[in-house]
Amino acid sequence: MTAETVPAKLAEIIDDFQALSEADRLQLLLEFSTGLPGLPERYSDHPELLEQVVECQSPLFLTMEIGGGPDRPVHLFFSAPREAPTTRGFAGVLLEGLDGLPAAEVLAVPDDVPDRLGLTRAITPLRMRGMSAMLGRIKRKIREAQ
């Protein structure tokens, strides 16, 4: 896939990561971690509505709401413990980069987005696999909803 399939908000985040050294990329990921909001009450009170991404080393749960109409906006919701900053950080990247976009745009996001952040040497392969699994789970849930 080409860079044109990366939505503007997500492309800007990727550019921000690419402009930094490896150490600073990890710091930016931690900043996304601290910025990940808590779940709204309708989900925090009903954990059964969340799906675990078992490929993540730390417990990460997600759900989404897909709106109606031609644009079908996707809204993402994540839950991960504060003790899992890498997992929370990537969830924060996906939230900031994809939340509110039309389902078709989210489905067109290249699967290699985690690699494009430039973290492959700084983060273990298992954590990278978890990051890829988050994006894959989001796409699968969108396809199931169509």
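The preceding data block contains the structure.
Predicted model only: the values in this text are computed from it and were never measured.

### Here we look at the overall build of the chain
Stage number 1. Secondary structure summary: the chain contains seven helices and three strands in total.
Stage number 2. The C-alpha radius of gyration computed for the chain amounts to 14 Å, which stays within 12% of the reference 15 Å derived for 146 residues, consistent with globular compactness.
Stage number 3. Along the three orthogonal principal directions, the C-alpha set of the chain runs to about 40 × 35 × 20 Å.
Stage number 4. Out of the 146 residues belonging to the chain, those deemed buried represent 42%.
Stage number 5. Put simply, 68% of the contacts in the chain that link residues at least 6 apart link residues at least 24 apart.
Stage number 6. Put simply, the chain shows about 7400 Å² of open surface, and 52% of that area lies on carbon and sulfur atoms.

### Overview of the packing of helix 1 (residues 8–18) against helix 2 (residues 22–34)
Stage number 1. One way to put it is that helix 1 packs onto helix 2 with a least axis distance of 9 Å and a crossing angle of 140°. In terms of axis orientation, helix 1 runs oblique to helix 2. On helix 2, the residues touching Ile13, Asp16, Phe17 and Gln18 of helix 1 are Arg25, Leu28, Leu29 and Phe32.
Stage number 2. In the contact of helix 1 with helix 2, the residues fall into five nonpolar, one polar and two charged.

### With respect to the nonpolar core
Stage number 1. Formed by 39 residues in total, the largest nonpolar core has its most connected members in Phe17, Leu60, Phe78, Val93, Leu98, Met134 and Ile138.
Stage number 2. Contributions of two or more residues to this core are made by helix 1, helix 2, strand 2 (61–66), strand 3 (74–79), helix 4 (85–98), helix 5 (103–107) and helix 7 (125–145).
Stage number 3. In terms of residue count, helix 7 provides more of this core than any other element does, seven residues in total.
Stage number 4. In this structure, leucine 98 is in contact with Pro7, Leu10, Val74, Leu76, Val106, Val109 and Leu135, ignoring residues within four places of it in sequence.

### As for the sheet that holds strand 2
Stage number 1. Sheet architecture is open: three strands sit in the order 1-2-3, paired in antiparallel fashion. Single-partner strands in this sheet number two, and they are strand 1 (51–52) and strand 3.
Stage number 2. Where strand 1 meets strand 2, two bridges bridge the pair, whose relative direction is antiparallel. Directly across from glutamate 51, in strand 2, lies its bridge partner leucine 62.

Each value, and the rule that gives it
- Residues numbered from 1 in each chain as written.
- Predicted model: local features only at pLDDT ≥ 70, side-chain atom pairs only at ≥ 80, totals over all residues.
- Heavy atoms only, no water.
- Helix = DSSP H or I, 4+ residues; strand = E, 2+ residues; numbered from the N terminus.
- Rg over C-alpha atoms; globule rule 2.2 N^0.38 Å.
- Buried < 20%, exposed > 50% of the residue type's maximum accessible area, 1.4 Å probe, protein only.
- Contact = heavy atoms within 4.5 Å.
- Areas by Shrake-Rupley, 256 points an atom, 1.4 Å probe, with all protein chains shown as cover.
- Axes fitted to C-alpha atoms, helices over the stretch in contact; angles between N-to-C directions.
- Parallel < 35°, antiparallel > 145°, perpendicular 65-115°, else oblique.
- Nonpolar A, V, L, I, M, F, W, Y, C, P; charged D, E, K, R; others polar.
- Core = buried A, V, L, I, M, F, W, Y, C linked by side-chain atoms within 4.5 Å.
- Pairing = 2+ DSSP bridges.

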